Amino acid sequence: MPSFGERVRAVLDARGPLCVGIDPHLPLLAQWGLEADAAGARAFGLRVVEAAAGRAGFVKPQVSFYERFGSAGIAALEDVLAAARAADLVVIADAKRGDIGSTMDAYGAAWLTPGSPLEADALTVSPYLGVGALEGTLALADEHGKGAFVLAATSNPEATALQRATADSSSVAAAIVAEVSARNARVAREGEWGSTGFVIGATVDWHAAGLAPFAPPAPILAPGFGFQGAAAAALPEVFREMAPCVIASESRSILAAGPDGLAQAIAGAAAAYRGSSEGEADV
């Protein structure tokens, strides 16, 4: 069984970095002619999966937009996750879970256990109760060929003061990257990518955030493209040596095309990212 890091590496090579967000915002549901309920969110997600299949390599359901509808919303999300995995898409559950001990382990089991109703290929996780608190989830992910994306330097301005705060001459964001990278170095096979990746926004200035290229390479989930302002063409300049590791997440800028224009919007965005990736050095 290939590791998650190596699976991402192969998908990036074969299909490019585009990750299509599945974000059934209430205005988007209305624009698409869908009801603002669990059934509407389910239909929305399944249409995105259908349009992304064969055109992109990754999808990222935003869990909150399903949780808002209670148990029916969770059931709808289960259907979307299963359909996306059946379509051979790499499914990143954007749940941003973070806790300690058995509680965090239970979150990991919910999202990363094969056969679980909420099974995904990877989960976004928060390290702000300590990177070590995530160990049970990361070990479970490794065991099953799954992955995790640790929040490091996000694209929202509210995070700047916390993530760029310094201790022992290192920013918080850089310390998180260093600790996770050290773990990746311990558990990844020689020459392979780590399976615990990072969330680093496409609008983040690496120097200002105290970030530097890291080893071993690991996937970078990069929000901030499209609606939030970063263009596909900027990917190599923003991420430089780490650009080959980037999964570029776009949501509203693509979803705004509506159900009839969605497939074309995904195909166009995927082509733009593949074009921006030409000439990048392999990592």
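Located above this text is the structure these notes cover.
Since the structure is predicted, the reported quantities are computational estimates derived from the model, not experimental observations. (Residues numbered from 1 in each chain as written. Predicted model: local features only at pLDDT ≥ 70, side-chain atom pairs only at ≥ 80, totals over all residues. Heavy atoms only, no water.)

Caption draft 1: View of the environment of Leu-151. Within the secondary structure, Leu-151 is located in strand β5 (residues 147–153). For Leu-151, a relative accessible area of 11% translates into the label buried. The residues touching Leu-151, leaving out its near neighbours within four places in the chain, are Lys-96, Val-125, Ser-126, Pro-127, Tyr-128, Ile-176 and Val-199. (Helix = DSSP H or I, 4+ residues; strand = E, 2+ residues; numbered from the N terminus. Buried < 20%, exposed > 50% of the residue type's maximum accessible area, 1.4 Å probe, protein only. Contact = heavy atoms within 4.5 Å.)

Caption draft 2: Seen up close, the packing of aromatic side chains. Overall, the coordinates contain 5 aromatic pairs when judged by the stated rule. Judged by centre distance (6.0 Å) and plane angle (85°), the ring pair of Phe-4 and Phe-149 falls under edge-to-face. In this pair, Phe-4 sits in helix α1 (residues 4–15) while Phe-149 sits in strand β5, placing the two residues 145 residues apart along the sequence. A single burial state applies to Phe-4 and to Phe-149, both of which are buried. (Phe/Tyr/Trp six-rings, centres within 6.5 Å; stacked < 30°, edge-to-face > 60°.)

Caption draft 3: Summary view of the pairing of strand β1 (residues 18–22). Burial analysis of β1 places 5 of its 5 residues in the buried class, the great majority of the element. Residues Leu-18, Val-20 and Ile-22 point to one face of β1 and Cys-19 and Gly-21 to the other, with burial holding for every one of them.

Caption draft 4: Up close: the pairing of strand β3 (residues 90–97). Burial of β3 is extensive: 7 of the 8 residues sit out of reach of the surface. Of the strand pairs in this sheet, strand β2 (residues 58–61) and β3 are connected by 2 bridges, and their pairing is parallel. Residue pairing for β3: Val-59 is matched across the bridge by Val-91. Alignment of β3 against strand β4 (residues 122–125), held across 3 bridges, turns out to be parallel. For Ala-93, the partnering residue across the bridge sits in β4 and is Leu-123. Note that the unit made of β3, helix α6 (residues 101–112) and β4 has a crossover that is right-handed. (Pairing = 2+ DSSP bridges. Right-handed = clockwise from strand over helix to strand, strands pointing away.)

Caption draft 5: Main features of the environment of Gly-21. Note on placement: Gly-21 falls in strand β1. Separated by 37 residues in sequence, Gly-21 and Phe-58 have C-alpha atoms that sit 8.6 Å apart. Filtering out sequence-adjacent residues up to four positions away, Gly-21 remains in contact with Val-48, Lys-60, Glu-250, Ser-251 and Leu-255.

Caption draft 6: Structural view of the packing of helix α3 (residues 38–52) against helix α5 (residues 70–86). It is the contact of α3 with α5, at a shortest axis distance of 9 Å, that shows an interaxial angle of 10°. Considering the angle they form, α3 stands roughly parallel to α5. Taking contact as the criterion, the partners of Ala-38, Arg-42, Gly-45, Leu-46 and Val-49 in α3 are, on α5, Ala-72, Gly-73, Ala-76, Asp-79, Val-80, Ala-83 and Ala-84. Residues that form the contact of α3 with α5 fall into these classes: 8 nonpolar, 2 polar and 2 charged. (Axes fitted to C-alpha atoms, helices over the stretch in contact; angles between N-to-C directions. Parallel < 35°, antiparallel > 145°, perpendicular 65-115°, else oblique. Nonpolar A, V, L, I, M, F, W, Y, C, P; charged D, E, K, R; others polar.)

Caption draft 7: Broad picture of the side chain of Gln-62. For Gln-62, the location among the structural elements is in the loop between β2 and α4 (64–67). Owing to a relative accessible area of 14%, Gln-62 belongs among the buried residues under this scheme. At 3.1 Å, the side chain of Gln-62 forms a polar contact with the backbone nitrogen of Ser-64. With sequence-adjacent residues up to four places away left out, Gln-62 is seen in contact with Ile-22, Asp-23, Asp-94 and Lys-96. (Polar contact = N/O pair within 3.5 Å; in protein donor to acceptor, adjacent residues only side chain to side chain.)

Caption draft 8: Highlighting the sheet that holds β5. Ordered by their spatial adjacency, 8 strands build a closed barrel running β1-β2-β3-β4-β5-β8-β9-β10, and the pairing between neighbours is parallel. Strand-to-strand twist in this sheet, taken as the mean axis angle between neighbours without regard to direction, amounts to 30°. Taken strand by strand, α3 contacts β1 and β2, and its axis lies near 165° from that of β1.

Caption draft 9: Spotlight on the environment of Ala-202. Within the secondary structure layout, Ala-202 lies in the loop between β8 (196–200) and β9 (220–222). Owing to a relative accessible area of 5%, Ala-202 belongs among the buried residues under this scheme. The spacing of Ala-202 and Val-246 is 44 residues in sequence and 9.5 Å in space, taken between C-alpha atoms. Leaving out residues up to four positions away in the same chain, Ala-202 has contacts with Ala-222, Pro-223, Gly-224, Phe-225, Ala-230, Val-238 and Phe-239.

Caption draft 10: Representation of the pattern of salt bridges in the model. Tallied over the full model, the rule gives 13 salt bridges. Residue Glu-6 is joined to Arg-9 by a salt bridge in which the shortest nitrogen-to-oxygen separation is 3.2 Å. Of this pair, Glu-6 and Arg-9 are both found in helix α1, 3 residues apart, which corresponds to roughly one turn of the helix. For the pair Glu-6 and Arg-9, a shared accessibility class is recorded, and that class is buried. Across the pair Asp-88 and Arg-15 runs a salt bridge whose closest N-O atoms are separated by 2.9 Å. In this pair, Asp-88 sits in the loop between α5 and β3 while Arg-15 sits in helix α1, placing the two residues 73 residues apart along the sequence. (Salt bridge = Lys/Arg side-chain N within 4 Å of Asp/Glu carboxyl O.)

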